[in-house]
Every structure is written in C-alpha cells, then in structure tokens.
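# A closer look at the structure
The primary structure of each chain is shown beneath.
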Amino acid sequence: MLDWKFIGNTILKCASGIPETAILVIVTLIVSTPIAYLMALVNLKPKRILSRVFQVYISFVRSLPLLLIIYLIYHALPLWILSFGNFIGKEIDVYKIDDMVYGFIVFAFVSIPILSEVFRAGLLAVPEIQIKAGQSIGMTNFQVARHIVLPQVIDKQLPMLCTFTTNLIKMTSLAFYMSIREITGEARVAAADSIRYVECYLVIFFMYLIICLAVEQIFKAFERNSQKKKEGNWSKNYAGNTRTQKIVSGT
Amino acid sequence: MLEIQGLKKSFQGLEILKGVDLTIEKGDVDVILGESGSGKTTLLRCIDFLEKADEGKISIDGITADFHTASQKKQVEIRRKMSFVFQNYGLFANKTALENVMLGLTAVRGVAKAEAKERAEEAIKKVGLLDRADHYPSQLSGGQQQRIGIARAIVTDPDIILMDEPTASLDPGLVGEVLHTIGELAAGGTTMLIVTHEIPFAQSIATNMLFMNQGVIIEKTPTKEFFEHPRREETRQFLMKSISDYSFVI
C-alpha cells in the first residue's frame, strides 16, 4: 500500500517547488496586469488600428494550446535571439538566459489577452456618466482612472480575477516542459526517481488543491469586504425599520 | 465672468449648436429654457469640456481658450473653475456620499484630509443630508443622490455651477427637495447656469431667462420682463404651450 515515509519525503521535495510556482504566478500577474489594462482601454474602441492588432493577438492565443506555445517560445525564441544577435553583430549567449525568463514570457503572453478581456468587460460596466462626473470635478484622466474606474473594475471583476489566478497557478504546472522545477516538475522528478507515480501525483494533487482553495478564500474575503462595506451602513442606518430589515434579511 | 463666443457643435453632420454666444455675470442665476433637442444639454456639456465642441471661445475668470484646440491641461484648469450637476446625478458608485463630496478637494486640489472632511460635511449639511453621509449612492433615493451631487458641486467653491436638468429624472415627489436646495444656493449668491423644465421654479429664482431655439440662444431677458413681455415669437409659443394660464403683453 502507500508508503507514508516516502510520501513525507515527497511532500518536502514537491514543496521545494512552491517558490518557483509562486514566482511564476506573481511575476506574471505583475507584468500582465498593467499591459492588459492598457490593452483593454485601447480595445474599448474596436475600430482603432492598434485595437485590431490586439484582437488578432487575442484570437491567436485563444486558439493555440498552451503546450504548443511553450514549445515554440522555449525552443524557437533562443534561435531568434541568436540570429538577432548575429544581425546586430553581437554574440549573445542564449544559454545563459534563465529558464524562468522563458516561463515569464510564456505565461505573460497567454495571460495578457485573458486579463485584458476581463478588464474590458469591467470597463464597459462602469457608467460613462461617472467618468464625466470625475472630469467635471476637475480630475485628470489619470485621476479618474485611479479613483473611479479602476476600483470599480476590480470590484466588479473579482470573481473573474479569482478564476484567472487559480487557472494561472494550474497553468504553471506546464512550466516543467521548460525545465523549471516548480511543484509539478519536482513531482515528476521524484516519480521518475522512485517509479512511485501514484504517491507523487497524489501529493501534488492535494498541494494544488490547498493552494487554489487558499487563493479562492483570499478573493472571497475581498468580495465579502466590499459587500460588507455597503451593507454595513445600510443595516446600521435602517436598524429601526423592521420592514426594511425583513426585506434585507429575506424573512 | 463666464463668456462663450460662437460655440458650434455637430454630431455626425447634424449641427446641434450653431454659434452660441453667452455671458454670465458673477452672482447671476441664469436659466435656459427651450424645446427638447434645441441643444441645451449639449451647450452645458460643451462649456465644461465634457463634449468636444467644434468651434468657439470660452473665457472664465481671466482664462481664455478655444474649445476645439484647448490642451488637456487647459481643459482641466478651466473645469476646476466650474462644477457640473448631472441629470442622472453621476455619483461615484464606489464611494460613500461623504467621499463623493471630498474627492474634488483631496484628489484634485490637494486639500488635507481632515480639512476636506470638514468642508465636505459642511456642504452636505447645506443640502440637509448629514445623517446620510456614510451611505453609498445605491442606498440613497434619487432626490438624495441629486442633493449629494449638488454638495459635490458646491464644496470646491466654483465660480459657476452648471446644472443640466437637475430634477428631470426624479419622481415627482422628490423634485421639491432638490429645487429647495437649489433655491437656497441662489439666495446665497451662487452663480449658476441651469437648464430646467420647471418653469415656475425658474421664474422664482432666475436673474435672467435665456431661450434656446434650434441651436442658438435667441433671447436673454431679465426674468420678470421675459415672462411679461417675451420678445420673440418662438418664446411666446413655447411659454403658451408650457404654462396653462399664460398671458403676456407685447
């Protein structure tokens, strides 16, 4: 049956891949979010030339399997960099580029279109009059974005952003194909070493489950917070009104 | 104090404003009347650069600009001299009433938070909603939202407040409270340019009445004279249609 001591060791081994997974996810989010947001802003007017380019990019990424993108970027990009180096007459040592860099490029490349569509939907949901109102009190466009639009976009898209983030965590399991030793990578190595595939995969099964559930809870806490902020005042100020209370509590 | 010259604006080839000239003196409350579609709302929005006009000049408190060529910076500078009250309130849904009012001070004018809060509360007190200050717009009635909208407009002490049909989207029962608030502002000497269909109200607060017809202001007359001796035939027609027991002397 299951070898518990082996499982214990495997847990430790796989856990040593958690930092790689975390770095991949966090860097991807940091790089993709601003780019995706700007792209969503451009895409609000679909007739712009730049927006058409972006739309092609979005459809392109949508139609290709992630594994294929990984293979292409991981294998073809060094060659392109090499020939670019030759072109400008400089020797670039592509083998010195860390595998993680390819990881960031791949995951940002596939995340930006998804995120930009999430943001675009959120932007469409902010009524234009609030933007005009922001301008009317003398805000610059940047201030309107920061104080009015962005908070509402994030607030409205929290569920989508949660789905995206957990998806991204799961996507990084393919980073193994770029020789990155994140959680799945460590598990595959451990499995190959010991030929105990079931134990190894069961370990990371629970590891992903716990990580994703935790991320989900964090997002839910944010959602509850923004809900409570609104309902808290409501119930406080309408406390004396039993009819309203009934309607609010649904009894 | 506010001067507009030759303001023109077209939407898809249809000319809505055909060269509007307009002067408003400090302390005046000027009310624009006119048929729907005569360009009243567009005029106000163009003045505040919320809509980009095709031609025309604006001059307010020593700053002059062309509507169609003004830089972003200049637009913001001019906007900060004015406030706008929207037909549909336009409160920021992610901010409480108090934050809505404060934002123009803290974010835009760099006023310290404590002072901004004090001034915002004072403005909210003027519109009689201090007990609702911590509510979100979704928790306020239409009339209350519009009064917060007015508080947001007065808190920055603008040279002029532009009001675009401030009561048009309210239930009849809520119109009174908003008109009362605007009336108090007028009595307090606030300069305002108001578009409204509430003729009796306009008659009671306006310094001058402006009549707009097909994209031009065809008449600007002191209120009493406007109703007793309207100069233009179009104005008479409009007033006869709008007021049931209306009569005038030529």
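Above: the structure in question.
In this report, the structure presented in the accompanying data block is examined. Residue numbers restart at each chain and count upward from 1, following the sequence in its written direction. By the order in which they are written, chains take letters starting at A while ligands take numbers starting at 1. Note on the predicted model: pLDDT of at least 70 is required for a residue's local features to be given, and 80 or more for side-chain atom pairs to be given and counted; whole-chain, interface and lining totals, by contrast, use all residues.

The next subject is the overall build of chain B. Helix and strand assignments follow DSSP, with helices taken as H or I runs no shorter than four residues and strands as E runs no shorter than two, numbered in order from the N terminus. When helices and strands are counted, chain B shows nine helices and ten strands. Taking the principal axes of the C-alpha coordinates as reference, chain B spans close to 55 × 45 × 35 Å. Using C-beta atoms placed from the backbone, we call a residue buried if 20 or more other C-beta atoms fall within 10 Å of its own, exposed if 12 or fewer do, and partly exposed for counts in between. Here chain B holds 250 residues, and 48% of them are scored as buried. A residue pair is marked as a contact if its C-beta atoms, positioned from the backbone, fall within 7 Å. Here the contacts in chain B between residues at least 6 apart in sequence split such that 62% fall between residues at least 24 apart.

The interface is formed by 20 residues belonging to chain A together with 24 residues belonging to chain B. Of all the elements in the fold, those that place two or more residues in the side of chain A that touches chain B are α6 (128-136), α7 (141-171) and α9 (197-237) of chain A. Broken down by class, the residue content of the side of chain A that touches chain B amounts to seven nonpolar, ten polar and three charged. Residue classes follow a fixed rule: Ala, Val, Leu, Ile, Met, Phe, Trp, Tyr, Cys and Pro count as nonpolar, while Asp, Glu, Lys and Arg count as charged, and any other residue, Gly among them, counts as polar.

Once that is clear, we can look at unusual backbone geometry. Residue A:Ile195 is not a glycine yet carries a positive backbone phi of 55°. Looking at the element boundaries, A:Ile195 is found in the loop between α8 (183-194) and α9. C-beta crowding within 10 Å serves as the criterion here: with 7 such atoms nearby, A:Ile195 is assigned to the exposed category. Of note in this structure, B:Gln12 is not a glycine but carries a positive phi near 45°. For B:Gln12, the position within the fold is in the loop between β1 (2-11) and β2 (14-24). You can call B:Gln12 exposed: it has 4 C-beta atoms within 10 Å.

Let's shift gears to the packing of helix α3 (residues 97-109) of chain B against helix α4 (residues 113-126) of chain B. Residues and elements named next belong to chain B. Fitting a line to C-alpha atoms yields each axis, with helices limited to the stretch in contact; the angle taken between N-to-C directions then spans 0 to 180 degrees. Running from N to C, α3 and α4 point in directions that differ by 125°, and their axes come no closer than 9 Å. Viewed along their axes, α3 and α4 adopt a mutual orientation that is oblique. As for how α3 packs across α4, the hand of that crossing is right-handed. Facing α3, whose interface residues are Ala97, Leu98, Val101, Met102, Leu105 and Thr106, α4 presents Lys113, Ala116, Lys117, Arg119, Ala120, Ala123 and Ile124. Geometric relationships in this document are graded by angle, where less than 35 degrees denotes roughly parallel, more than 145 denotes roughly antiparallel, 65 to 115 denotes roughly perpendicular, and other angles denote oblique. Two helices that cross are described as forming a left-handed crossing if the nearer one is turned anticlockwise from the farther one by less than a right angle, and a right-handed crossing if clockwise.

Looking now at the nonpolar core. By our criterion, buried Ala, Val, Leu, Ile, Met, Phe, Trp, Tyr and Cys residues that link up through C-beta atoms within 7 Å make up a nonpolar core. By size, the foremost hydrophobic cluster in this structure holds 110 residues, and its most contacted members are B:Val31, B:Val101, B:Ala120, B:Ile124, B:Ala151, B:Leu162 and B:Met192. Broken down by element, the residue count for this core peaks at nine residues, all from helix α5 (residues 99-124) of chain A. Ignoring anything within four residues of it in the chain, the contact list for B:Val31 reads B:Ile194, B:Thr196, B:Ala202, B:Ala206, B:Met209 and B:Leu210. Listed in part, the eight residues of the second largest apolar core include A:Cys14, A:Ile183, A:Ala190 and A:Ile204.

This part takes up the environment of A:Thr184. Residue and element names in this part refer to chain A. Mapped onto the secondary structure, Thr184 falls in helix α8. Judged by C-beta crowding, with 25 C-beta atoms within 10 Å, Thr184 ranks as buried. A C-alpha to C-alpha distance of 8.6 Å links Thr184 and Thr172, two positions twelve residues apart in sequence. When neighbours within four sequence positions are excluded, Thr184 is seen to be in contact with Ser173, Phe176 and Ile204.

On to the pairing of strand β8 (residues 192-195) of chain B, then. All names here are of chain B. Across the two faces of β8 the burial is the same, with Met192 and Ile194 and Leu193 and Val195 all buried. Both strand β3 (residues 29-34) and β8 contribute to a ladder of four bridges, which runs parallel. Among the inter-strand pairings, Val29 is bridged to a residue of β8, identified as Met192. Strands qualify as paired when DSSP identifies two bridges or more between them.

Right, let's get into the sheet that holds β1(B). The strands that make up a sheet pair up through hydrogen bonds in the backbone, lying either parallel or antiparallel. All names here are of chain B. As summarised here, the arrangement of the four strands in space is β2-β1-β4-β5, forming an open sheet in which the pairing is antiparallel. Of all strands in the sheet, those with a lone pairing partner are β2 and β5 (63-66), marking the two edges. Each strand of the sheet is rotated relative to its neighbour by a mean of 15°, with strand direction disregarded. Note: strand β4 (residues 55-60) against β5, four bridges, orientation antiparallel. Note on β5: the bridge partner recorded for Ile60 is Ile63. Here helix α2 (residues 72-79) sits on the sheet and contacts β4 and β5; the angle it forms with β5, its principal contact strand, is near 130°.

All names here are of chain B. By definition here, a helix of n residues has an expected span of 1.5 Å times n minus one. When the terminal C-alpha atoms of helix α5 (residues 142-154) are compared, their 19 Å separation across 13 residues agrees well with the 18 Å that a helix rising 1.5 Å per residue should span. Taking burial as the measure, the 13 residues of α5 include twelve buried ones, the bulk of the element. All of the buried residues in α5 are Gly143, Gln144, Gln145, Gln146, Arg147, Ile148, Gly149, Ile150, Ala151, Arg152, Ala153 and Ile154. For α5, the secondary structure elements touched by its buried residues are β6 (82-85), α3, α4, β7 (160-164) and α6 (172-187).

Honestly, it's all geometry; don't read function into it.
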